[in-house]
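# A closer look at the structure
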Amino acid sequence: MTSADLSDIRQSALGAADPLGVAAVLAEAVDSGGLADPDDAGYALTLAAEIAESRTKLDAALRYADRAVDAYKTRDDTQAGAAHALRARILFRSGRADEAMAELEPLRPLLTRYPDAAAYVTVALSVGGQNKLAEQWLTEAVQATLTERDQPADPASAEDAGQLFFLLQQRHRLRHALGLPHDTHDNLAERLETRLANAAAAGGPADDLLFWPQAEFDRLLAKWPALTESYDKNWDDHRARLERELVRLTGTGRVGLAVFPGTVDGLAGDATDAKVRAAYARQQETGTNRISWPPERNAACWCGSGNKYKKCCLPRSRG
Ligand SMILES: [Zn+2]
Ligand SMILES: [Zn+2]
């Protein structure tokens, strides 16, 4: 079972005829050494837990979540954080609020570190009826992110506006749900949301997560110069469009996101045809070659530039 198989299962399992059977197959693959990459164990078990949770088989969900957390025990990245948050969510649903809170408390530092952490921590707290606490945690994370900055004058010009945006967006949504009036952070959230929406509209529909590494992008445009009319004008536009799309998907609650590298040689047909590109994107999205997103702020950027994410594509999401 490859990483791509797991991605496929993630897309299809919840609609499957026997989702719990799918969850059992995932756990079995972990137990029997059936994973192509043993590092996928945590991901496979997280998936199994989500599937069981969706069928309110909470005991099974918790067993899978326990194992997922254990599989990630040597890691403190955002995937590990998501597994802990999932375990907390299942504990809340099982009426074990104290244990759920003990699981969530250590995740607070992740709120200022990983874009998707704002989403999964908030969701877990909301499941536990802890919306007010979630609002408090998000507010603290927003303030910590703002005071960390060197140039507080224009928040949208700071390098980590992307991280700030995720926090503001989650907080803004939550505060509306709580019926709280707008404060200055909410006003900033709305300005950034509008800016992002305008940038996305200007960039045309982002129909896929197909990523052209720089050398391939250059070859693509050399072969089909007309693409600059319909597609991304240059590599920076291309990276920015993908980053915005990933940010947008995270805002809808999606986790486990990735971009899928393409090659000019691999693409069959006329690349100026959007349908050809879309078909190639679907093909790549089910293949084994994927680049997980987001990286940690100080880690190498997903685009392969060699720069830190926070200095490269993270700020591009502002458009
Ligand atoms: Zn609002
Ligand atoms: Zn980059």
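Residues numbered from 1 in each chain as written. Chains lettered and ligands numbered in written order. Predicted model: local features only at pLDDT ≥ 70, side-chain atom pairs only at ≥ 80, totals over all residues. Heavy atoms only, no water.

Turning next to the coordination of the zinc ion (ligand 2). Only Cys301 (SG), Cys303 (SG), Cys312 (SG) and Cys313 (SG) from the protein coordinate the zinc ion (ligand 2), and they sit 2.2 to 2.4 Å from it. Here the zinc ion (ligand 2) is ringed by four donor atoms whose angles at the metal span 103 to 114°, and the overall shape comes out tetrahedral. If you list the donors of the zinc ion (ligand 2) from N- to C-terminus, the spacing comes out as C-x1-C-x8-C-C. Note that Cys301 is positioned in the segment after β3 (291–292) and Cys313 in the segment after β3, a separation of twelve residues in sequence. Side by side, Cys301 and Cys313 carry an identical accessibility label, which is buried. (Donors = N, O, S within 2.8 Å, 3.2 Å for Na, K, Ca; no water. Tetrahedral: all angles 85-135°; square planar, octahedral: opposite > 155°, others 65-115°. Helix = DSSP H or I, 4+ residues; strand = E, 2+ residues; numbered from the N terminus. Buried < 20%, exposed > 50% of the residue type's maximum accessible area, 1.4 Å probe, protein only.)

Right, let's talk about the coordination of the zinc ion (ligand 1) for a bit. Bound to the zinc ion (ligand 1) are the protein donor atoms His172 (NE2), His176 (NE2), His182 (NE2) and Glu190 (OE), situated 2.0 to 2.2 Å from the metal. The coordination sphere of the zinc ion (ligand 1) comprises four donor atoms, whose angles at the metal cover 96 to 148°; the geometry is irregular. Read in sequence order, the donor residues for the zinc ion (ligand 1) give the motif H-x3-H-x5-H-x7-E. The class for His182 is partly exposed, based on a relative accessible area of 35%. Looking at Glu190, the relative accessible area reads 34%, which means it is partly exposed.

So, about the nonpolar core. In terms of nonpolar packing, the biggest core is built from 96 residues, with Leu104, Trp212 and Trp302 touching the most fellow members. Taken together, domain 1 (107–202) and domain 2 (204–319) each give at least three residues to this core, which thus spans both. Excluding residues within four positions of it along the chain, Leu104 makes contact with Ala85, Ala88, Phe92, Ala124, Leu125 and Trp137. (Core = buried A, V, L, I, M, F, W, Y, C linked by side-chain atoms within 4.5 Å. Domains from an automatic or database assignment. Contact = heavy atoms within 4.5 Å.)

Moving on: unusual backbone geometry. Of note, the amide linkage connecting Trp293 to Pro294 takes the cis form, showing an omega dihedral of 0°. As for its placement among the helices and strands, Pro294 is situated in the segment after β3. The phi angle at Thr56 is positive, at roughly 50°, despite the residue not being glycine. Its location among the elements puts Thr56 in the loop between α3 (41–54) and α4 (58–71). For Thr56, a relative accessible area of 59% puts it in the exposed group.

A word on the environment of Asp70. Mapped onto the fold, Asp70 is located in helix α4. Classification of Asp70 as partly exposed rests on a relative accessible area of 44%. Through-space distance from the C-alpha of Asp70 to that of Ala41 is 9.8 Å; in sequence the pair is 29 residues apart.

This part takes up the pattern of salt bridges. Within the structure shown, the criterion is met by 22 salt bridges. Residue Glu53 pairs with Arg89 through a salt bridge whose shortest N-O separation is 2.6 Å. Within this pair, whereas Glu53 is found in helix α3, its partner Arg89 is found in helix α5 (residues 78–93), the two being separated by 36 residues in sequence. Assigned by exposure class, Glu53 and Arg89 land together as buried. (Salt bridge = Lys/Arg side-chain N within 4 Å of Asp/Glu carboxyl O.)

Turning our eyes to something else, we now look at the side chain of Asp116. Within the secondary structure, Asp116 is located in the loop between α6 (97–104) and α7 (117–127). Of note is the side chain of Asp116, whose polar atom sits 2.8 Å from the side chain of Thr78. Beyond its immediate stretch of four places on either side in the chain, Asp116 contacts Thr78, Thr250 and Pro294. (Polar contact = N/O pair within 3.5 Å; in protein donor to acceptor, adjacent residues only side chain to side chain.)

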